[in-house]
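These are the residues of each chain, in order.
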Number of protein chains: 2
Amino acid sequence: MGHQSIDKMAGRHREFDVETALSAATEVFWTQGYDSASMEDLLTAMNINKGSMYNTFGSKRDLFLRVLDRFFKNAQHDMTAKFEAFDNPLDGVREIFRQVTRPADVKDHAKGCFLVNTLGEMCGMDEELATLARNKLLEVETIYLKYLRKGVKNGQIRKEASPELMAKFLLNMWNGMSISRRMYSRKSLEDLVEMQLQLLKP
Amino acid sequence: MGHQSIDKMAGRHREFDVETALSAATEVFWTQGYDSASMEDLLTAMNINKGSMYNTFGSKRDLFLRVLDRFFKNAQHDMTAKFEAFDNPLDGVREIFRQVTRPADVKDHAKGCFLVNTLGEMCGMDEELATLARNKLLEVETIYLKYLRKGVKNGQIRKEASPELMAKFLLNMWNGMSISRRMYSRKSLEDLVEMQLQLLKP
DNA sequence: CCAATAATTGACCAATCAGTACAAAATTAA
DNA sequence: TTAATTTTGTACTGATTGGTCAATTATTGG
């Protein structure tokens, strides 16, 4: 069966690029959610046929798992890169939340955060998928924690509050903004970020 | 056709209580979301037949509109009552967020906030329903604003920040906690509330 | 008692859902 | 060239979707 490397393998070659297809599928799942995204929507976006999809990915659910995993790994890298680009973790946080206040495409506001959406859709419905999304969000929290600790040491982050709680606070802020961006102007979102960041300053 | 008062009306009487049925439908829509809630799920919970439902409410969508409206009016009353029960608006806010940190039923954590869920599910998919949920959340914001202003006058709320921004902040906090309650312990949620409430204190 | 009206019931409907089956096409190893 | 293997394309499947319809039942006013 499928999922093999292309070299030294008998049989017809795959005609589509898996990464490109996963990227297209991500867009569909992200904008529509898991349930509302139909196989027809997905196949049209991925520009492949049913046979190719089931042969390569297994099922709609398996495709979603691949998409979710790939999305998270990218997010993890982006986030870490943003923290590493600044000496002060506060600036890293600002840069991360710039995705929310000033997204590349204005349409991104309606999409929100893919992990938050998935947790919201699946919690109480499909605990396996909910747990997957929840654990990835908790990994985001541990990234916050790492750089907050560094900032506390350097006197850039207040040391009166525990880094653990401040990390949870940042994730809660992210969760909130993932919803609030669907209702507020850029100015309000920016004001909201700066106001809340006060809680991290020494 | 239907929707009439019971007195002075020819024809068979309705055998079910509309409020009870709406309450049951609310539970289904709240836990499953609009799309995932099937007519079968709804009819089972409401304990009525298809004909009765379509005769009384019109369609799945119309039923949802009734449910959403009824839910919001109840929430509006509860919220106002909680603010009115305390002299200090900070205590009103604490009482409102107690729904999140200490819900009547632990299962409520998975349900989150019905308005937040609806905005999340519908934004980018069904703008009419999204706008409905968004506007109701914005009405929640104006309730916060009213009592924050009162608190500023009484010296209970800090006057350095604008009440408008603080109201947005509270709604953002609500949005965030509606997601975060699906991943954090009661203790963490309570710490999160108290930490963030610092931003409102004089 | 009868006509009008309205709620209930369950059978029915077309559309859509995720998923399968299988033949045709393309590729490698022998 | 041939056998083995894999991908592709499409027709098909059974289940479920929201919604309709008409017969039945219950009620009111005349």
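Residues numbered from 1 in each chain as written. Chains lettered and ligands numbered in written order. Predicted model: local features only at pLDDT ≥ 70, side-chain atom pairs only at ≥ 80, totals over all residues. Heavy atoms only, no water.

S.K.: Explain the overall build of chain A here, please?
M.R.: Counting its regular elements, chain A contains ten helices and zero strands. Starting at the N terminus and walking to the C terminus, you meet the elements of chain A as α-α-α-α-α-α-α-α-α-α. Along the first, second and third principal axes, the C-alpha set of chain A runs to 60 × 40 × 30 Å. Of the accessible surface of chain A, which amounts to about 9800 Å², a share of 50% is contributed by carbon and sulfur atoms. Here chain A contributes 29 positively and 28 negatively charged side chains, and the mean placements of these two sets differ by 3 Å. (Helix = DSSP H or I, 4+ residues; strand = E, 2+ residues; numbered from the N terminus. Areas by Shrake-Rupley, 256 points an atom, 1.4 Å probe, with all protein chains shown as cover. Lys, Arg positive; Asp, Glu negative; His and termini not counted. Charge placed at Lys NZ, Arg CZ, Asp CG, Glu CD.)

S.K.: Can you help me understand the protein's contact with DNA strand C in this one?
M.R.: Around DNA strand C, a shell composed of 27 residues is seen, among which A:Lys50, B:Gly11, B:Glu15, B:Asn49 and B:Gly51 lie nearest. Among the atoms of DNA strand C lying within 4 Å of the protein, the sugar-phosphate backbone contributes 71%. For DNA strand C, a base oxygen lies 2.6 Å from a polar atom in the side chain of A:Lys50. Between DNA strand C and A:Tyr54 there is a distance of 3.0 Å, counted from a phosphate oxygen to a side-chain nitrogen or oxygen. Among the elements of the structure, helix H2 (39-46) and helix H3 (50-57) of chain A together with helix H3 (50-57) of chain B are those that each provide at least two residues to the surface near DNA strand C. For the surface near DNA strand C, the element with the highest residue contribution is H3(B), accounting for three residues. Residues belonging to the surface near DNA strand C are distributed by class as follows: eight nonpolar, eleven polar and eight charged. (Near = heavy atom within 4 Å. Polar contact = N/O pair within 3.5 Å; in protein donor to acceptor, adjacent residues only side chain to side chain. Nonpolar A, V, L, I, M, F, W, Y, C, P; charged D, E, K, R; others polar.)

S.K.: Quick question: what am I supposed to make of the pattern of salt bridges here?
M.R.: Two side chains of opposite charge can pair, provided their charged atoms sit close to one another. Residues and elements named next belong to chain A. Taken as a whole, this structure holds 34 salt bridges over all chains when the rule is applied. Among the ionic pairs, Arg 134 bridges to Glu 127, the shortest N-O distance being 3.7 Å. Residue Arg 134 is classed as buried on the basis of its relative accessible area of 15%. Note on Glu 127: relative accessible area 40%, which makes it partly exposed. Between Asp 191 and Lys 187 there is a salt bridge, with its nearest N and O atoms 2.8 Å apart. Of this pair, Asp 191 and Lys 187 both sit in helix H10 (residues 186-197), four residues apart, which is roughly one turn of that helix. Among the charged side chains, a network of salt bridges with common partners joins Glu 27, Asp 108 and Lys 111. (Salt bridge = Lys/Arg side-chain N within 4 Å of Asp/Glu carboxyl O. Buried < 20%, exposed > 50% of the residue type's maximum accessible area, 1.4 Å probe, protein only.)

S.K.: Sorry, what's going on with the environment of A:Leu199 here?
M.R.: Tracing the sequence through the fold places A:Leu199 in the segment after H10. A C-alpha to C-alpha distance of 18 Å links A:Leu199 and A:Thr142, two positions 57 residues apart in sequence. In this structure, A:Leu199 is in contact with A:Arg158, A:Met166, A:Phe169, B:Met195, B:Gln196, B:Gln198 and B:Leu199, ignoring residues within four places of it in sequence. (Contact = heavy atoms within 4.5 Å.)

S.K.: What is the right way to look at the state of the cysteines in this model?
M.R.: One way to say it: the disulfide is the covalent bond shared by the sulfur atoms of two cysteines. Counted according to the given criterion, the structure contains zero disulfides over all chains. There is no disulfide at A:Cys123, and the cysteine sulfur nearest it, in B:Cys113, is 14 Å away. According to the relative accessible area criterion, A:Cys123 is buried, its value standing at 6%. (Disulfide = S-S within 2.5 Å.)

S.K.: Would you mind showing me how to read H2(A) here?
M.R.: The α-helix winds at 3.6 residues per turn, so residues separated by three or four positions along the chain end up facing the same way. Residue and element names in this part refer to chain A. Among the residues making up H2, those that are buried are Met 39, Leu 42, Leu 43 and Met 46. For H2, the angular spread of buried residues about the axis comes to 95°, placing them on one side. Opposite the packed face of H2, turned more than 90 degrees from it, sit the exposed residues Glu 40 and Thr 44. In this fold, the buried residues of H2 make contact with helix H1 (18-32), H3 and helix H4 (60-84). (Arc of directions from axis to C-beta.)

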